[in-house]
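The residues making up each chain are set out below.
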Amino acid sequence: QLQASGGGLVQAGGSLRLSCAASGLTFSSYVMAWFRQAPGKEREFVAGISWSGGSTYYTDSVKGRFTISRDNAKNTVYLQMNSLKPEDTAVYYCSPRRAVSYSRYDYVYWGQGTQVTVSS
């Protein structure tokens, strides 16, 4: 089970911190990824983090603004989002996988997502 939280309405330039609590899996054995899906658009990769946290991956549009991290003791992955833009508006999802992939088709398990809305 994947429970994402932390979304909300924020003005452009603001910040949010998303959390995703995982259960039912050996969390520390999985890469964790954040994806997002805006209305009428494909679900896209945002960020990923290796099982140890030693490697992180970002899509170009969020580099320098978003930071992914994880706490294996709490089975939780985070996404710190700064300098938010209206184009960041989407439902954000987390998903586990054995190895990182930028393609949503390679991920099987999804939670319910959390809505992020950035006003201009």
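For every chain, the first residue of the written sequence is number 1, and numbering continues from 1 along that sequence. With pLDDT at 70 or above as the cut-off, local features in this predicted model cover only qualifying residues; side-chain atom pairs require 80 or more to be listed or tallied, and sums for whole chains, interfaces and linings still use all residues. To get the side-chain values, take all heavy atoms of the structure and skip hydrogens and water.

### Remarks on the pairing of strand β3 (residues 16–22)
Among the seven residues in β3, five count as buried, and that is most of the element. Any two strands between which DSSP finds at least two bridges are classified as paired. Only DSSP runs of H or I covering at least 4 residues are called helices, and only runs of E covering at least 2 are called strands; the numbering of each starts at the N terminus. Summarising the sheet, β3 and strand β8 (residues 76–81) pair through six bridges and their orientation is antiparallel. Each residue of the ladder has a partner; that of C20, found in β8, is V77. Three exposure classes are used, based on accessible area relative to the maximum for each residue type with a 1.4 Å probe and protein chains only: buried under 20%, partly exposed in between, and exposed over 50%.

### Observations concerning the state of the cysteines
Counting rule for disulfides: a pair of cysteine sulfur atoms within 2.5 Å. Under the criterion given, the structure shown has one disulfide. The disulfide partner of C20 is C94, and the gap between their sulfur atoms is 1.7 Å. Here C20, found in strand β3, pairs with C94, found in strand β9 (residues 90–97); they are 74 residues apart in sequence, far enough to count as distant. There is no split in this pair, since C20 and C94 are both buried.

### Notes on the sheet that holds β9
Read from one edge to the other, the open sheet built from six strands follows the order β2-β10-β9-β4-β5-β6, with strand pairing classed as mixed. Each edge of the sheet is formed by a strand with only one pairing partner; in this case those strands are β2 (8–11) and β6 (56–58). Recorded for the sheet is a direction-independent mean angle of 25 degrees between the axes of neighbouring strands. Bridge count for β9 against strand β10 (residues 114–119) is three bridges, and the pairing is antiparallel. By the bridge assignment for β10, V91 is matched with Q115. A fitted line through C-alpha atoms serves as each axis, taken over the contacting stretch for helices, and the angle formed by two N-to-C directions is quoted from 0 to 180°.

These results come straight from atomic positions and should not be treated as a statement about function.
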